[in-house]
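If you want the building blocks of each chain, they are given just below.
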Amino acid sequence: MTPETLPGSLTLRRMPVLGLTIAIVVGTGLGLRGVLRSVADLYPDALPPQPFFVPAHALLLYLAMPLALLGAVGMLLAPGFLLALVAGGSRRFGMLAAASFGG
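Residues numbered from 1 in each chain as written. Predicted model: local features only at pLDDT ≥ 70, side-chain atom pairs only at ≥ 80, totals over all residues. Heavy atoms only, no water.

*Asks:* Explain the packing of helix 2 (residues 35-42) against helix 3 (residues 58-86) to me, and be specific about the residues and the numbers.
*Replies:* Relative orientation of the contacting elements helix 2 and helix 3 amounts to 145 degrees, with a least axis distance of 9 Å. Two packed elements cross with a definite hand, and for helix 2 against helix 3 that hand is left-handed. In this structure, helix 2 contributes Val35, Leu36, Ser38, Val39 and Leu42 to the contact, and helix 3 contributes Leu60, Leu61, Ala64, Met65 and Ala68. Of the residues in the contact of helix 2 with helix 3, the class split is nine nonpolar, one polar and no charged. (Axes fitted to C-alpha atoms, helices over the stretch in contact; angles between N-to-C directions. Helix = DSSP H or I, 4+ residues; strand = E, 2+ residues; numbered from the N terminus. Left-handed = near helix turned anticlockwise from the far one by under 90°. Contact = heavy atoms within 4.5 Å. Nonpolar A, V, L, I, M, F, W, Y, C, P; charged D, E, K, R; others polar.)

What follows is the structure, given as structure tokens:
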């Protein structure tokens, strides 16, 4: 048995992909950390009469804010997911996601 084929462990070939994924999630979360404040400062008192689509701030509201949210959620869930992955969790994503919550 070689270190690349140890049962129940992360294969060495997947490490660069895992590192790149972590870097993207953390970079997105940290790079867009001022977005929430910018969105909150757009309308400090009341929303406009039709707040559902605001074309003047479309890039901020419909691209940057969802990316910042996904980055923050990814940063919160990454430690458990990585521990489950390294501890030899399932090869199926659903079972790995369940194991990352301690199940």
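*Asks:* Give me the lowdown on the side chain of Ser100, citing residues and values where you can.
*Replies:* Counting through the fold element by element, Ser100 comes out in helix 4 (residues 93-100). Taking the relative accessible area as the measure of exposure, Ser100 reaches 18% and is therefore buried. Ignoring any residue separated from it by four or fewer positions in sequence, one finds Ser100 in contact with Gly80, Phe81 and Ala84. (Buried < 20%, exposed > 50% of the residue type's maximum accessible area, 1.4 Å probe, protein only.)

*Asks:* Can you explain a nonpolar patch on the surface? Please cite residues and give values.
*Replies:* Where nonpolar side chains cluster on the molecular surface, the patch consists of Leu69, Val73, Leu76, Leu77 and Phe101 and spans about 550 Å² of accessible area. Of the residues examined, Leu69 reaches a relative accessible area of 52% and is grouped as exposed. (Patch = residues over 30% accessible without salt bridge, like charges linked within 9 Å, V, L, I, M, F, W, Y side chains within 5 Å. Areas by Shrake-Rupley, 256 points an atom, 1.4 Å probe, with all protein chains shown as cover. Salt bridge = Lys/Arg side-chain N within 4 Å of Asp/Glu carboxyl O.)

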